[in-house]
Amino acid sequence: MKKTILRNIGVATAATFCLTAGVLATSVSDSVASSRTSQATPSELKCYATTGNPDEVVCYRVSKRVLNSGDGRLTFVPFLIQVPTPSNPPTPSVVNVLPS
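(A) Quick look at the overall build of the protein. Summing up its helical and strand segments, the protein has 1 helix and 4 strands in all. For the protein, the N- to C-terminal ordering of α and β elements is α-β-β-β-β. Residues counted as buried form 11% of the 100 residues belonging to the protein. A fraction of 46% describes how many contacts in the protein between residues 6 or more apart in sequence connect residues 24 or more apart. When the accessible area of the protein is evaluated, it comes to approximately 7600 Å², of which 61% is carbon and sulfur surface.

(B) Just the pairing of strand β2 (residues 57-68), in detail. As judged from the 10 bridges shared by β2 and strand β3 (residues 74-83), these two strands associate in the antiparallel manner. For Arg61, the partnering residue across the bridge sits in β3 and is Ile81. The turn linking β2 back onto β3 is made up of 5 residues, and Gly70 within it adopts a positive phi angle of 95°.

(C) Representation of the state of the cysteines. Applying the stated rule across the entire model yields 1 disulfide. Between the sulfur of Cys47 and that of Cys59 lies a disulfide, 2.1 Å long from S to S. Taking the torsion about the sulfur-sulfur bond, which here is approximately 95°, the covalent link between Cys47 and Cys59 counts as right-handed. Of the two residues, Cys47 is situated in strand β1 (residues 40-50) and Cys59 in strand β2; the sequence distance between them amounts to 12 residues. Residue classification places Cys47 among the buried positions, given a relative accessible area of 3%. Given the relative accessible area of 0%, Cys59 is considered buried.

Analysis parameters
- Residues numbered from 1 in each chain as written.
- Predicted model: local features only at pLDDT ≥ 70, side-chain atom pairs only at ≥ 80, totals over all residues.
- Heavy atoms only, no water.
- Helix = DSSP H or I, 4+ residues; strand = E, 2+ residues; numbered from the N terminus.
- Buried < 20%, exposed > 50% of the residue type's maximum accessible area, 1.4 Å probe, protein only.
- Contact = heavy atoms within 4.5 Å.
- Areas by Shrake-Rupley, 256 points an atom, 1.4 Å probe, with all protein chains shown as cover.
- Pairing = 2+ DSSP bridges.
- Disulfide = S-S within 2.5 Å.

In structure tokens form, the structure reads like this:
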């Protein structure tokens, strides 16, 4: 009888410990992911010119935002940020319409 009670207490304690550790790990990973979500990592500069006006160059910085997909995976989503055209821009790509 005493062994059964001690075994039940041991199982209940282990289950409580595992549950608490899981909740703490989830909250820590969510806080780390949410702090990363607000940060964008800038990358290379891309410049474009339209076929209608090839002399006007518009430049964009390609950035990636980290999003938490909710199932423990992080997803990197690229997006463009229009920036002022530098005095010596890289060779522009000629397109029909500028990216939006």
